[in-house]
Amino acid sequence: MIRRSSMLGLFAAAALDTGDHLHLNPSGYRAMADAVPTRLFPQAPPPRGFGYR
């Protein structure tokens, strides 16, 4: 959870912070990923010639 403070601005909840108040821990990255709806990413196959052979 991201919180807002008038003195600190935006910051991550302690359970999602590594302790440096700058980077997320693995749970924080999971929470961030879970907040993005998967419907934004179409399930179409990649274009021909895309990627490695």
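Coordinates for the structure precede this section.
Treat the numbers as computed from the prediction; the structure is a model and nothing was measured. (Residues numbered from 1 in each chain as written. Predicted model: local features only at pLDDT ≥ 70, side-chain atom pairs only at ≥ 80, totals over all residues. Heavy atoms only, no water.)

Peer 1: What is the right way to look at the side chain of aspartate 17 in this model?
Peer 2: Along the chain, aspartate 17 turns up in the loop between strand S2 (9–12) and helix H1 (26–34). In terms of polar contacts, aspartate 17 uses its side chain to reach the backbone amide nitrogen of glycine 19, at 3.2 Å. (Helix = DSSP H or I, 4+ residues; strand = E, 2+ residues; numbered from the N terminus. Polar contact = N/O pair within 3.5 Å; in protein donor to acceptor, adjacent residues only side chain to side chain.)

Peer 1: Before we go on, may I ask you to explain a nonpolar patch on the surface in this structure?
Peer 2: Where nonpolar side chains cluster on the molecular surface, the patch consists of Val36, Leu40 and Phe41 and spans about 290 Å² of accessible area. Topologically, valine 36 is positioned in the segment after H1. Since its relative accessible area comes to 38%, valine 36 is described here as partly exposed. (Patch = residues over 30% accessible without salt bridge, like charges linked within 9 Å, V, L, I, M, F, W, Y side chains within 5 Å. Areas by Shrake-Rupley, 256 points an atom, 1.4 Å probe, with all protein chains shown as cover. Salt bridge = Lys/Arg side-chain N within 4 Å of Asp/Glu carboxyl O. Buried < 20%, exposed > 50% of the residue type's maximum accessible area, 1.4 Å probe, protein only.)

Peer 1: Would you mind showing me how to read the side chain of asparagine 25 here?
Peer 2: Structurally, asparagine 25 can be placed in the loop between S2 and H1. Residue class for asparagine 25 comes out buried when judged on its relative accessible area of 16%. Only 3.0 Å separates the side chain of asparagine 25 from the backbone nitrogen of serine 27, close enough to count as a polar contact.

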